Amino acid sequence: MSARADTNSDGRWLGLYVLAYLVFLYLPVLLIPLFSFNNSIQAAFPLQGFTLEWYRTLYGNPALSGALANSLVIGVIAASGATLCGITVSYMDLYGRSPLAATISAIARLPILIPGVIVGISLLILVNLIGLGPSRVSIVLGHILVALPTTVVVMRSRFAAVPKTIREAALDLGASDWTTFRRVMLPLSAPAVLSAFMLSFLISFDEFIVVFFLAGTEPTLPLYIWSQLRFPRSLPTVMALGTVILTVSFIIAGAAEILRHRGLGAPAAIQPEAQQRRGERE
């Protein structure tokens, strides 16, 4: 009886801790949409009224449109590069059977542990040494580096979830390593590839620190938002823009998570057939 009471008490404390953590983490985020509809330039209570004026100011802003276009272009290119590199690194790590492949995989995941300021300064020194300087190309390279750990983790877990017997059956049937990868492993991992691309795009689209060091004359959307925070009258417009970004980010992240888990049962369904063909081959 005492043990059950202690368990219930521990469960209540754990629930309170989780609730306090969620409030601390998400309450400031929820205040942004709330104040974006407030009919006042000050983010303070009590609210002055409901308005959509701040959302209307987002349209017809050439500086905002240019920054958004830069973020979209850079995000698509960086996400494509990071996803391609992540597929290659993770596949070679699992099936390359080489200490070099494992080392490269570990190095590819290392940037997630390095402070963003250090990464930004290091990349700025590097692009200046090779003659690129702060530019859109430099931002793309920096974003590939920042997004690469995510793609490696997503793709490595997906490749690892595919039963090894499927790949072994393809090899036993005479397929080469490249054919097995292209016609077996990659199609089975297609949802994870799209998920890795979407998450990499979000990372690139929201990245600020690397852009702060590498941006030239064409700022991205996060850098534009930071520049507008210096003007108090622009704060409601920034919160309206932030609400739009939050909404789109949640949608993309949710879709990426659904895609990451989609098709996990497909390899298991294919496995008996692969084992049967392998047995017939033997």
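This write-up is about the structure you can find in this document. Fair warning: this is a prediction, and the values are worked out from it, not measured in the lab.

A full pass over the atoms with the stated rule returns 11 aromatic pairs. Centre to centre, the rings of Y91 and Y95 are 4.9 Å apart; their planes meet at 45°, and the pair counts as tilted. Here Y91 pairs with Y95, and both are found in helix α3 (residues 62–95), just 4 residues apart, close to one helical turn. Here the two residues Y91 and Y95 agree in accessibility, since each one is buried. Taken together, a centroid distance of 6.1 Å and an interplanar angle of 45° make the contact between F208 and W226 tilted. Taken together, the residues F208 in the loop between α9 (190–206) and α10 (209–214) and W226 in helix α11 (residues 221–228) connect sequence positions 18 residues apart.

Contact geometry of α3 with α9 gives a least axis separation of 8 Å together with a crossing angle of 135°. Between α3 and α9, the angle is such that the two are oblique. Considering only the axes of α3 and α9, their crossing is right-handed. For the pair α3 and α9, contact is made by L68, S71, L72, I74, G75, V76, A78, A79, S80, A82, T83 and I87 and by V193, A196, F197, S200, F201, S204 and F205, respectively. Grouping the constituent residues of the contact of α3 with α9 by class yields 13 nonpolar, 6 polar and no charged.

The next thing to look at is the nonpolar core. Ranked by internal contacts, the top residues of the largest apolar core, which has 20 residues, are L58, L64, L221, Y224, I225, L241 and I245. Taken together, the elements giving at least two residues each to this core come down to α2 (53–56), α3, α9, α11 and α12 (235–261). The element contributing the most residues to this core is α12, with 7 residues. Residues within four places of L64 in sequence aside, it is in contact with L58, L221, Y224 and L241.

Another aspect to go through is the side chain of R167. Mapped onto the elements of the fold, R167 is located in helix α7 (residues 164–172). For R167, a relative accessible area of 10% gives the class buried. Apart from residues lying up to four places away in sequence, R167 is in contact with Y91, Y95, D177, T180 and M185.

Conventions and cut-offs
Residues numbered from 1 in each chain as written. Predicted model: local features only at pLDDT ≥ 70, side-chain atom pairs only at ≥ 80, totals over all residues. Heavy atoms only, no water. Phe/Tyr/Trp six-rings, centres within 6.5 Å; stacked < 30°, edge-to-face > 60°. Helix = DSSP H or I, 4+ residues; strand = E, 2+ residues; numbered from the N terminus. Buried < 20%, exposed > 50% of the residue type's maximum accessible area, 1.4 Å probe, protein only. Axes fitted to C-alpha atoms, helices over the stretch in contact; angles between N-to-C directions. Parallel < 35°, antiparallel > 145°, perpendicular 65-115°, else oblique. Left-handed = near helix turned anticlockwise from the far one by under 90°. Contact = heavy atoms within 4.5 Å. Nonpolar A, V, L, I, M, F, W, Y, C, P; charged D, E, K, R; others polar. Core = buried A, V, L, I, M, F, W, Y, C linked by side-chain atoms within 4.5 Å.

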